[in-house]
Each structure stands twice: as C-alpha cells, then as structure tokens.
Amino acid sequence: MTAPSCAEAPVDEAVPLPAWTVSPGPLPHRRSVRGPPLEQEPLRPRRPGPDSRLSQCVSVIFPKEQQAFSSNDFKMPGGARISFNCVDSALSSLKNCQSYINTGMDIATHVALDLVESFNDVEDVNSMENVMLQYAAMDRELKHYMKAIEETVNQIKREKPENIPDLKYLVKEKFTALESNNSDSDLQNNEKYIYFKDQLKEMRKQCNGNESIEQIDEDIAVTQSQTNFICPITQMEMKRPVRNKVCGHIYEEDAILKIIQTRKQQRKKVRCPKIGCSHVDVKGTDLVRDEALKRAIDSQKKQSWSTLEKSDGDDGDTKKICC
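Residues numbered from 1 in each chain as written. Predicted model: local features only at pLDDT ≥ 70, side-chain atom pairs only at ≥ 80, totals over all residues. Heavy atoms only, no water.

Undergrad: Please explain the packing of helix α2 (residues 122–159) against helix α3 (residues 167–179) as it appears in this structure.
TA: For any two helices packed against each other, the geometry comes down to the angle between their axes and how far apart the axes lie. In the contact formed by α2 and α3, the axes pass within 8 Å of each other and the chain directions differ by 135 degrees. One way to sum up the angle between α2 and α3 is to call them oblique. Judged by the sense of rotation from one axis to the other, the crossing of α2 with α3 is right-handed. Across from R140, E141, H144, Y145, K147, A148, I149, E151, T152, Q155 and I156 in α2, the residues of α3 making contact are L167, L170, V171, K174, F175, L178 and E179. Considered class by class, the residues forming the contact of α2 with α3 number 9 nonpolar, 3 polar and 6 charged. (Axes fitted to C-alpha atoms, helices over the stretch in contact; angles between N-to-C directions. Helix = DSSP H or I, 4+ residues; strand = E, 2+ residues; numbered from the N terminus. Parallel < 35°, antiparallel > 145°, perpendicular 65-115°, else oblique. Left-handed = near helix turned anticlockwise from the far one by under 90°. Contact = heavy atoms within 4.5 Å. Nonpolar A, V, L, I, M, F, W, Y, C, P; charged D, E, K, R; others polar.)

Undergrad: How should I be thinking about the packing of aromatic side chains in this particular structure?
TA: Here the structure, examined in full by the defined rule, presents 2 aromatic pairs. With a centroid separation of 5.7 Å and an interplanar angle of 75 degrees, the aromatic rings of Y145 and F175 are classed as edge-to-face. Pair noted here: Y145 is in helix α2 and F175 is in helix α3, with a separation of 30 residues, a long-range link. Note on F175: relative accessible area 18%, which makes it buried. Consider the rings of Y193 and F196, whose centres lie 6.3 Å apart with planes at 20 degrees: the pair is stacked. Of the two residues, Y193 and F196 are both situated in helix α5 (residues 191–212); the distance of 3 residues between them amounts to about one turn of the helix. Just as Y193 is buried, F196 falls in that class too. (Phe/Tyr/Trp six-rings, centres within 6.5 Å; stacked < 30°, edge-to-face > 60°. Buried < 20%, exposed > 50% of the residue type's maximum accessible area, 1.4 Å probe, protein only.)

Undergrad: Teacher, can you tell me more about the state of the cysteines here?
TA: Each disulfide consists of a covalent bond between the sulfur atoms of two cysteine residues. Tallied over the full model, the rule gives 0 disulfides. Just so you know, C247 is unpaired, no disulfide at all, and the nearest cysteine sulfur is the one on C272, 3.8 Å from it. The exposure class assigned to C247 is partly exposed, which follows from its relative accessible area of 26%. (Disulfide = S-S within 2.5 Å.)

Undergrad: What's the story with the sheet that holds strand β6 (residues 241–244) in this structure? I'm lost.
TA: Adjacent strands of a sheet pair through backbone hydrogen bonds, lying either parallel or antiparallel. Spatially, the 3 strands line up as an open sheet ordered β7-β6-β8, and their pairing is antiparallel. Strands at the two margins of the open sheet, each flanked by one partner only, are β7 (250–252) and β8 (287–289). Neighbour-to-neighbour, the strand axes of the sheet open up by a mean angle of 40 degrees, direction not taken into account. For β6 and β8, the ladder comprises 3 bridges, and the chain directions are antiparallel. Residue pairing in the sheet places R243 in a bridge with V288 of β8. (Pairing = 2+ DSSP bridges.)

Undergrad: Please clarify how the side chain of D286 should be interpreted in this entry.
TA: Mapped onto the elements, D286 comes out in the loop between α7 (253–265) and β8. Lacking a salt bridge, the buried D286 has K245 as its closest oppositely charged neighbour, with an N-O distance of 5.4 Å. (Lys, Arg positive; Asp, Glu negative; His and termini not counted. Salt bridge = Lys/Arg side-chain N within 4 Å of Asp/Glu carboxyl O.)

Undergrad: Looking at this structure, I do not really get the layout of surface pockets. What am I missing?
TA: In this approach the atoms are scanned with a rolling probe the size of a water molecule, which exposes any empty space left behind. Looking at the largest pocket, its volume works out to about 760 Å³. Around the largest pocket sit 31 residues that line it, and D106, E191, K192, Y195 and V288 are the ones nearest its centre. Among the elements that line the lining of the largest pocket, the one with the most residues is α5, at 8 residues. Here the residues of the lining of the largest pocket are counted per class, giving 7 nonpolar, 7 polar and 17 charged. (1 Å grid on protein atoms, 1.4 Å probe; cavity = no way out; pocket = protein on both sides within 12 Å on 5 of 7 lines; lining within 4 Å. Points joined across faces, edges and corners; volume = space filled by probe spheres on them.)

Take it as geometry only, folks, not as evidence of what the structure does.
What follows is the structure in structure tokens.
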C-alpha cells in the first residue's frame, strides 16, 4: 500500500481556528471639538470563512517523495515527517490579528479621551470601556489558542508518538483547559485596559485642574501647570511625555531612551532621573506614552497663544484710540 500524499491528508481532522477573526468596523457617531465627527474605525469581531482550518497549516510528508526537509520538519518514529512550517505561518497570521486588536484598543482609548476632554459624557465613556473589555476578552482567547497550538507542537516533538496524533483533539483539549481558568480579573489586568483606566484618570484630573484655574490667580496657575510639563532630564517642556510604569515619573521620550541606550552599551542600569526617586533600573519596556499629559501640554500652548493674540489685539486697539 502506498502512503497517501499531502493532498490526501484528511481535511476533517483539522483543528478549527477560534470562532472569530477581526476586521474593521465603524464606531458609533462621536463628537469632537477638534473637527468633524470622528471617523476612526476600531476592529470588530467577525466569523471566519469555511477555509479557516488547521488542515491548511499541517502537511504530512513521506520519505518516498525525496523532498528536502527544512529544520522545522519533525521525523516520526514510523518514518513519516510532519512539517510545521505552515503552522508557524498560521501562528504569525494570528499574531497579526493580535496587532489589529491592539490598534482597536488604542483607537478606543483616544476616543474616550476625546469624550472626557470635550464633553465629559459619562455614558459614552462607559460605552468605550465596555469596548475595551470586549477587546481584552478577544485578546485573551487568541493568546490561549496560540498557546494551545504551540504546546501541542512541542508535545509531539517531545513525545515522538508512533502514529500521527489527532491534532484537533489535542489543541481543543489544551484550549478548553486554558479557557476554564478564565476570570473577570484577567480582563481588568490586561495591560492596555490598565493604560486606558490610568489615562482616563489623568485626563479627568487635567480637566478638573483647568476648571479650578478660574478660582485662583491666572499667572500662578499657569506657572504650576508648566512646572508639571518640565522634563527632569532636559529641563524643558515635554513634547512626547512617557510615564514610567514602575515609579510613575514622566520624561521626554527621546531623552530617556537615549540614556537607556547609552547605559545599555556601557552595561549599566539606569536610575530614574527624577530627584529623590529610588528606582534604579529604568527599562524601555517600562515606559508608556502619557497621552493625557500630552493633551494638557498642547491645550496649555493653545491657551498661551490665544492669550498672546488677544493681548496683541488689545494693544492695537489702544494705539488706534491714542492716534
């Protein structure tokens, strides 16, 4: 009996991909003080087509075919080989889906900040928070599925079974085990969801601070605000502020990354540049962009220009009267 070819590998033994993929979908109509209604499109889940099967990812190759095998081919004890190259390709595609989810979460965060900055619409902001939680759930499911596939491949390579295993069953079993441990805290601990909550908190703080400016001397208020905008490294107003997730201090992005790179070449750790901070190992992975502070800095600049233009206009009117 001749061995079956790759094309004869049974399709019904395939492991189905997760019950969703991601594709662009429109946001609800949103208001913005900066221009027309927002047209950004976070990514919405949709069902995959009928060809989304792992049978397209795993091929069985036999020695009689006299093919050149790559380093990622695995030889079974019975003489057959399983090529995992297509599995790696499929996992790479799933990781692209993960990048789409991250993009959707970034857009949802920006929309929520726009809402707080513009109208402080609680209902719409809560709606965007629900969107973030849905994305976090999708991200968790995708990570579990990729982990299940990776563990299955590693198991086959480690155990070297006599016969070709039931990939569908093995992946489903591992995926179900991972999903059984799900909890709401998983979603709330999602890194981008935490960032979303932190940025909303900072944005509300900035907005409340702007409202209190009218109650105190304007010059004092501007001076206090500008002090918070100064980078501890450059001693200049920040353009792209990043926040250290460990100690909470903020720096100009280019300045802190340059220090980290220099210290890395010297094989030395970086101490937080903020005077009095005890954190002695600042890493690039600990830095996140502070969108709320950047908006506050931009808003302060606009107010300063507006005040300056108003002052110039008043001076012009005074000159006309004097003449």
